[in-house]
Amino acid sequence: MTERHDVLIVGAGFAGMYAIYRFRNQGLDVLALEAGSDVGGTWYWNRYPGARCDVPSLEYSYGFSEALEQQWDWPEVFSAQPEILAYANHVADRFDLRRDIRFNTRVTSLDYLEDESLWRMHTDTGERHEAPFCVMATGCLSVPNMPDLPGADTFTGRVLHTGRWPKQPVDLSASRVGIIGTGSSGVQAIPELARQSEHLTVFQRSPVYTVPANRKRMRAEVQQEFRDNYRKIRDMQQHSPGGFSGFRPFRGEQSKAGNDPETATLSAVPAAEPVGPGAESVGILDLTPEQRRALVAQQGLGVLLSFRDAYVDPEANEAANETFRDGIRMLVEDPQTAERLCPRDYGIGCKRQVLDRDYYDTFNRDDVTLVDVRETPIETITPRGIRTSSGEHELDVLIYATGFDAMTGALLKTNITGAGGRRLTDKWEHGPVTFLGLALSGFPNLFTVTGPGSPSVLCNMIVAIEQHVNWIGDCIDYVRGHGYQAIEALPEAEDEWVAHVNEVAEGTMYTAPSCNSWYLGANIPGKPRIFMPYVGGYPRYRERCEQVAANDYEGFSFR
Ligand code: N01
């Protein structure tokens with residue numbers, strides 16, 4: 001039997017949840033399909049020890065409901081995964097979202113029926129649904145990357161991935177644990193795993209530039225000041241490159257938003273910590289190496305993120321990198337381990353900034369071993385552990401913190417076939433092509449929330465999600481209101497947008513030849529090397545979306 005709806009939504013993370021609320025409120029009959037057994041998306045799947053958000057919770061929260069803003073209490077400035085998931089659950093309860101969600105249901109295919117102007121969906125539970133509109137709220141980091149290591153399936157101990165952490169508590173107290181990967185997930189998990197396990201072995205391929213996270217509890221007066229100013233704060237978010245207001249009530253001042261997306265992200269990172277010396281005016285090259293080291297000794301490694309020249313000038317970047325390495329040498333007692341932890345072949349600003357709690361200190365513990373797999377490569381996984389070129393490391397538990405097939409992974413896995421039988425896998429053979437990261441030519445009435453080509457992961461995700469869902473909701477109303485059956489991005493609009501996305505990324509550290517990040521798809525063998533998010537800043541992007549809508553959806557065709 002086929003169920004018929006107005007809009008099908010794939011995913012019930014923060015994007016899917018808001019889409020249900022928004023579309024329902026405009027009178028549409030919606031159904032969301034979710035592979036997990038409950039809401040929360042990223043925060044549902046990533047339950048590994050130490051998981052927390054790198055955006056302040058008062059900003060990483062929905063702005064669509066004033067009552068919600070006024071009533072939800074955040075326990076910490078940067079909340080941990082359980083709190084964020086509790087918030088998602090509260091939102092689902094409060095707005096009765098679950099009645100329109102089919103859980104434990106994975107979408108296996110989506111086909112566009114041109115004659116009927118309908119999307120037909122099949123699921124792994126054997127259901128069939130149809131709707132004129134389909135919204136992919138599948139998240140940017142939702143398909144875990146499992147590296148293809150020889151012997152991987154011979155390991156007889158327990159295997160876990162940080163992005164698919166079990167719901168039941170994992171007791172590691174008597175376990176020798178190995179972890180592969182030192183990105184954001186690994187860096188957050190490693191100190192906790194060291195505390196929880198008998199022994200931890202860290203298999204590191206690329207060392208990381210990580211800075212201490214803000215660890216402050218939420219003060220009632222801070223939360224209240226946010227509540228009192230929320231409308232202004234939401235407006236400030238709309239004008240900030242990274243979607244952060246930078247509102248700092250505890251200092252009795254409101255910082256102005258940064259000038260580029262990543263530094264805006266970073267400015268949110270040490271927001272409650274001392275920031276660099278007149279960060280806007282002083283370049284790192286204006287300081288002597290001794291002055292730079294003294295600054296790090298006094299203020300911590302995070303201070304190096306506040307030098308804007310380090311993000312655009314290779315010489316300044318290397319000065320920051322070298323000062324960072326000196327900082328690691330100060331923090332890690334064993335000189336050999338310290339050297340192994342020093343990143344050398346890429347610079348600060350190439351990858352998503354990593355935040356930690358006690359990361360470098362963890363390597364001063366006797367029960368933690370660092371294995372540099374560039375120096376001693378992994379030869380094979382064995383039934384008992386991991387054998388590198390220097391010998392076997394016996395393990396009871398092997399954890400992959402090896403990241404995700406980011407931004408395109410979930411969309412390509414869904415088996416989407418558009419008009420004329422064209423498959424998305426073919427359209428994106430050489431990398432993702434979209435108009436505004438929202439729509440695709442050849443795929444009428446299909447929308448992507450925070451898709452490739454939109455600010456997405458370079459922006460406060462909740463701000464980006466709300467903007468996209470609102471735009472899509474308005475667009476659906478426009479199509480229906482004008483009696484059209486379908487809207488579709490024009491190929492030339494798509495080409496022009498993709499060229500612009502590439503142009504603004506050029507010359508930044510993100511696309512430096514030495515940089516190999518998941519932003520570029522470089523973490524997945526064979527994935528085309530394309531810088532996927534839009535780096536031109538959220539306000540510029542938002543204004544372009546608004547202009548398209550105001551001009552009767554220029555760049556789209558209607559049927
Ligand atoms: O994934 P990653 P992640 N052998 O791709 C290594 C968000 N996030 O899950 O760099 C050995 O960054 C790989 O090594 P290399 C955030 O946006 C946010 O950690 O490719 N190692 C790397 O060290 C983040 O950027 C938060 O050489 C292998 C690691 O695995 C994004 O998610 C918390 C390997 C993967 O790092 C992804 O972070 C967590 C192999 N075959 C995540 N394959 C917060 O909000 C891969 N690696 C704080």
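Just so it is clear, the model here is predicted, and its values are computed rather than measured.

S.K.: Can you help me understand the sheet that holds strand 7 (residues 128-131) in this one?
M.R.: Whenever strands of a sheet pair, they do so through backbone hydrogen bonds, lying parallel or antiparallel. Reading across the sheet, the 5 strands line up as 1-7-6-5-21 and stay open at both edges, with mixed pairing between neighbours. The open sheet has two free edges, formed respectively by strand 1 (2-4) and strand 21 (416-417), since each of these has just one partner strand. Here 6 bridges tie strand 5 (residues 107-113) to strand 6 (residues 118-123), and the two strands are oriented antiparallel to one another. Bridge pairing in strand 6 places Ser109 opposite His122.

S.K.: Quick question: what am I supposed to make of the nonpolar core here?
M.R.: In globular proteins that are soluble, nonpolar side chains generally tend to be buried together. With 139 residues, the main nonpolar core has Ile9, Phe23, Tyr62 and Trp471 as its most contacted residues. Looking at this core, the element that brings in the most residues is helix 14 (residues 461-481), giving 10 residues. Ignoring any residue separated from it by four or fewer positions in sequence, one finds Ile9 in contact with Gly16, Ala19, Ile20, Phe23, Val30, Leu31, Ala32, Leu33, Val135 and Ala137. With 21 residues, the next largest nonpolar core counts Val107, Met136, Leu411 and Leu440 among its residues.

S.K.: Looking at this model, I keep getting lost on the packing of aromatic side chains. Mind explaining?
M.R.: Counting across every chain of the model gives 37 aromatic pairs. Their ring planes at 25° and their centres at 4.9 Å tell us that Tyr18 and Phe64 sit as a pair that is stacked. A residue pair is termed long-range when its members are at least 10 positions apart, and Tyr18 in helix 1 (residues 14-25) and Phe64 in the loop between helix 2 (42-45) and helix 3 (66-71) qualify at 46 residues. No difference in accessibility class separates Tyr18 from Phe64, as the two residues are buried.

S.K.: In this structure, what is going on with the site of the ligand? I would like to understand it.
M.R.: Around the ligand there are 23 residues in total, and Ser185, Gln188, Arg205, Ser206 and Trp518 lie nearest to it. Thr182 is positioned such that a nitrogen or oxygen atom in its backbone is 2.9 Å from an oxygen atom of the ligand. Arg205 is positioned such that a nitrogen or oxygen atom in its side chain is 2.9 Å from an oxygen atom of the ligand. For the shell around the ligand, the element with the highest residue contribution is helix 5 (residues 184-196), accounting for 3 residues. Among the residues forming the shell around the ligand, the class breakdown is 8 nonpolar, 9 polar and 6 charged.

S.K.: What's the story with the state of the cysteines in this structure? I'm lost.
M.R.: In protein structure, a disulfide is the covalent linkage between the sulfur atoms of two cysteines. Across all of its chains, the model carries 1 disulfide by this definition. Residue pairing for Cys350: its cysteine sulfur links by disulfide to Cys515, the two sulfurs lying 2.0 Å apart. Taking the torsion about the S-S bond as the criterion, the Cys350 to Cys515 disulfide, at about 80°, is right-handed. Placement of Cys350 in the loop between helix 10 (335-341) and strand 15 (354-356) and of Cys515 in the loop between helix 15 (491-505) and helix 16 (538-550) is noted, with a sequence separation of 165 residues between them. There is no split in this pair, since Cys350 and Cys515 are both buried. Cys134 takes part in no disulfide bond, and the closest cysteine sulfur, belonging to Cys475, lies 14 Å away. Cysteine Cys459 shares no disulfide, and the gap to the nearest cysteine sulfur, in Cys140, comes to 11 Å. According to the relative accessible area criterion, Cys459 is buried, its value standing at 5%.

Reading the values: rules and limits
Residues numbered from 1 in each chain as written. Predicted model: local features only at pLDDT ≥ 70, side-chain atom pairs only at ≥ 80, totals over all residues. Heavy atoms only, no water. Pairing = 2+ DSSP bridges. Helix = DSSP H or I, 4+ residues; strand = E, 2+ residues; numbered from the N terminus. Core = buried A, V, L, I, M, F, W, Y, C linked by side-chain atoms within 4.5 Å. Buried < 20%, exposed > 50% of the residue type's maximum accessible area, 1.4 Å probe, protein only. Contact = heavy atoms within 4.5 Å. Phe/Tyr/Trp six-rings, centres within 6.5 Å; stacked < 30°, edge-to-face > 60°. Near = heavy atom within 4 Å. Polar contact = N/O pair within 3.5 Å; in protein donor to acceptor, adjacent residues only side chain to side chain. Nonpolar A, V, L, I, M, F, W, Y, C, P; charged D, E, K, R; others polar. Disulfide = S-S within 2.5 Å.

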